[in-house]
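Given next are the chains, with one letter for each unit.
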2 protein chains.
Amino acid sequence: MSTISIIGLGGMARAIATRAVEGGHTVEVIGRDAAKAKDLAAELGGGATAGAFGATPAGDIVVSAVPYAGAAQVLAQFGDALAGKIVIDISNTFNADATGVVTPAGTSGAQEIAKTVPASTHVVKAFNTVFGHVLAQGGRLDVLIAGDDADAKARVSAFIESLGLRPLDAGDLAAARWLEAVGPLLMGLANHGAGFNISLGVTIKD
Amino acid sequence: MSTISIIGLGGMARAIATRAVEGGHTVEVIGRDAAKAKDLAAELGGGATAGAFGATPAGDIVVSAVPYAGAAQVLAQFGDALAGKIVIDISNTFNADATGVVTPAGTSGAQEIAKTVPASTHVVKAFNTVFGHVLAQGGRLDVLIAGDDADAKARVSAFIESLGLRPLDAGDLAAARWLEAVGPLLMGLANHGAGFNISLGVTIKD
């Protein structure tokens, strides 16, 4: 097991951190509010620590678990501290009523975020297709991923497996746009009869 | 049960027609090649007939099961013969290598198709999130739908149920863009380890 750094202190950060601790990882939580980060680390247990916002994260895998609207700005504040790291972008890009996405046509939030990190940082899209409260309930859910670097994707896949989840590779980072389209799709289903206690999965037959 | 008209003689047309016959519907298959349509009707059995291309379809529900590239042109040839009908658009809009969609940004194939039919025709997006060969294998798969008219969606949902499938409403016709994004998403998963014998489904917890 390894050290996982998580930037963000919200519901998704907490859900992923909890599973990571359960999976035997050493978790570092990082937030602008150092006191809140310390509280979350204490609550998580398992040797979890609070890292300093903007400093070099302890983990080789850094989960960016902040809303899309602020993600690029937050990661820019880390700057070269993210060099050589794998950054997992979990953000959803849909607008306030979840009827559209805020990203320019023909791109994705993950690709926009990739522009803001050092060239040696590998961005992998993952977890945005899972509701945080559903992730927190436990169970082996499917986690769709997309990224350009095969080794980074393999390491993120191993991390996802270690959380008791099933990684499914959807392609290169440009495919993140299809993962991000799952956000408004799930919101649409939730708002039209399915409710919010739902998860998307893939059945693979032999 | 009712009469269902299906425009198209390809794999998806055949898979839906087969399930419709099994579901007790009277099926009318319609294609430009009248001889092929007649052959398919005979093969389907269950009283299936071949309809005349461009004439008024026998069914109140008309499945447009032709590739997106030709769908608008085909439906335009039916013109007023589709007035008052429900047209189910099953098309996928991705490009040749399934890395992008051919529709303009901010719209969907279903909305583009809706522009080409009479104002009294209700277009409902459905079935594009299911591979035809998987549909042909049987089993209760999830079928995501989107449309603007509640009554039309209710009737399409009942039709989908009658095929032994589960309809899931994702919202109005503008939400068809998220359903159409599932096309390249499934292709990406298929091409990156999952293989093509896959289906997307939604787990709904209580």
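All values derive from a computational prediction rather than experimental measurement. (Residues numbered from 1 in each chain as written. Chains lettered and ligands numbered in written order. Predicted model: local features only at pLDDT ≥ 70, side-chain atom pairs only at ≥ 80, totals over all residues. Heavy atoms only, no water.)

## Points about the relation of the copies chain B and chain A
Counted only if it meets this: Here the copies were fitted onto each other by least squares, based on C-alpha atoms from residues at pLDDT of at least 70 in both. Residues count as neighbours in contact if any of their non-hydrogen atoms are within 4.5 Å of one another.
Overlaying chain B with chain A gives an RMSD of 0.0 Å, the required rotation being 180 degrees about an axis along which the chain moves by 0.0 Å. Such a combination of turn and shift is consistent with a two-fold rotation axis. Here 100% of the contact residues of chain B are again contact residues in chain A; the copies associate through an equivalent surface.

## Re the UniProt feature "domain: Pyrroline-5-carboxylate reductase catalytic N-terminal" (unreviewed entry) in chain A
Threshold: UniProt positions are given in the numbering used here, feature names are shortened, and annotations may be inferred rather than shown by experiment. Note on conventions: DSSP H or I runs of at least 4 residues are helices, E runs of at least 2 residues are strands, and numbering of each starts at the N terminus.
Mapped onto the present numbering, the UniProt feature "domain: Pyrroline-5-carboxylate reductase catalytic N-terminal" (unreviewed entry) falls on residues 3-92 of chain A. Helix makes up 38% of residues 3-92 of chain A and strand makes up 23%, while its end C-alpha atoms are separated by 25 Å.

## Observations concerning the pattern of salt bridges
Operational definition: Here, a salt bridge means any Lys or Arg side-chain nitrogen found within 4 Å of an Asp or Glu carboxyl oxygen. For each residue, the accessible area found with a 1.4 Å probe, counting protein chains only, is set against the maximum for its type, and the residue is called buried under 20%, exposed over 50%, and partly exposed in between.
The full count for this structure, using the stated rule, is 16 salt bridges over all chains. Note that A:Arg166 and A:Asp142 form a salt bridge whose closest N and O atoms lie 2.7 Å from each other. Taken together, the positions of A:Arg166 in strand β8 (residues 166-169) and A:Asp142 in strand β7 (residues 142-147) put the pair 24 residues apart, joining distant regions of the chain. Taking relative accessible area as the criterion, A:Arg166 reaches 22% and is therefore assigned partly exposed. The partner of B:Lys115 in a salt bridge is B:Glu112, with the nearest N and O atoms 3.0 Å apart. Assessed through its relative accessible area of 62%, B:Lys115 is described here as exposed.

## Considering the packing of helix α1 (residues 11-22) of chain A against helix α2 (residues 34-44) of chain A
To describe two helices that pack against each other, one gives the angle between their axes and the distance between the axes. Residues and elements named next belong to chain A. Threshold: Throughout, an axis means a line fitted to C-alpha atoms (over the contacting stretch in the case of helices), and angles, computed between N-to-C directions, take values from 0 to 180 degrees. Crossing handedness follows the turn of the near helix against the far one: under a right angle anticlockwise gives a left-handed crossing, and clockwise gives a right-handed one. Each residue is assigned to one class: nonpolar for Ala, Val, Leu, Ile, Met, Phe, Trp, Tyr, Cys and Pro, charged for Asp, Glu, Lys and Arg, and polar for all the others, Gly among them.
It is the contact of α1 with α2, at a shortest axis distance of 10 Å, that shows an interaxial angle of 40 degrees. Both α1 and α2 take part in a crossing whose hand is right-handed. From α1, Arg14, Ala17, Thr18 and Val21 reach across to α2, where they touch Leu40, Glu43 and Leu44. Looking at side-chain class alone, the contact of α1 with α2 contains four nonpolar, one polar and two charged residues.

## Side note on α1(A)
Residue and element names in this part refer to chain A. Stated formally: A helix's residues, less one, multiplied by 1.5 Å, set its expected span.
Across its twelve residues, α1 extends 17 Å between first and last C-alpha, which sits within 8% of the 16 Å expected from 1.5 Å per residue. All buried positions along α1 are accounted for by Met12, Ala13, Ala15, Ile16, Ala17, Arg19, Ala20 and Val21. In this fold, the buried residues of α1 make contact with β1 (3-7), β2 (26-30), α2, β4 (61-64), α5 (132-136) and α6 (150-162). Looking at the residues trailing α1, positive phi occurs at Gly24, about 90 degrees.

## Re the sheet that holds β8(A)
Inclusion rule: Here, any two strands with at least 2 DSSP bridges between them count as paired.
Here eight strands make up an open sheet; going across it, the order is β3-β2-β1-β4-β5-β6-β7-β8 (chain A) and the pairing mixed. The sheet is open, and its two borders are formed by β3 (49-51) and β8 of chain A, each paired with just one other strand. Neighbour-to-neighbour, the strand axes of the sheet open up by a mean angle of 30 degrees, direction not taken into account. In this structure, strand β6 (residues 122-126) of chain A lies alongside β7(A), joined through three bridges in antiparallel fashion. Bridge assignment links A:Val124 to a residue of β7(A), and that residue is A:Gly147. Each of β7 and β8 of chain A touches helix α7 (residues 176-194) of chain B; the most contacted strand, β8(A), lies at about 100 degrees to it.

## Overview of the nonpolar core
What counts, and what does not: Residues belong to one nonpolar core when they are buried, are Ala, Val, Leu, Ile, Met, Phe, Trp, Tyr or Cys, and are joined through side-chain atoms within 4.5 Å.
A:Phe127 and B:Phe127 are the most contacted members of the largest nonpolar core, which has 148 residues in total. Among all residues touching B:Phe127, those that are not within four sequence positions of it are B:Met12, B:Ile16, B:Ile88, B:Ile90, B:Leu135, B:Val143, B:Leu144, B:Phe159, B:Ile160, B:Leu163 and B:Leu165.

## Regarding the interface of chain B and chain A
Applied cut-off: Accessible area that two parts lose when put together, with a 1.4 Å probe and added across both, is what the buried area reports. Under the rule applied, a polar contact is a pair of N or O atoms within 3.5 Å (in protein, one hydrogen donor and one hydrogen acceptor; residues adjacent in sequence only if both atoms are side-chain atoms).
Listed by partner, the interface residues are 31 residues for chain B and 31 residues for chain A. The largest share of the area that chain B buries against chain A comes from B:Trp178, B:Leu185 and B:Lys205, three residues that together contribute 25% of it. Taken together, the connections running from chain B to chain A amount to zero salt bridges. Taken together, the links from chain B to chain A amount to seven residue pairs in polar contact (both at pLDDT 80 or more). Contributions of two or more residues to the side of chain B that touches chain A are made by β8 (166-169), α7 and β9 (198-204) of chain B. Take the side of chain B that touches chain A: its biggest share by element is ten residues, from α7(B). When the residues that make up the side of chain B that touches chain A are grouped by side-chain class, the tally is 17 nonpolar, eleven polar and three charged.

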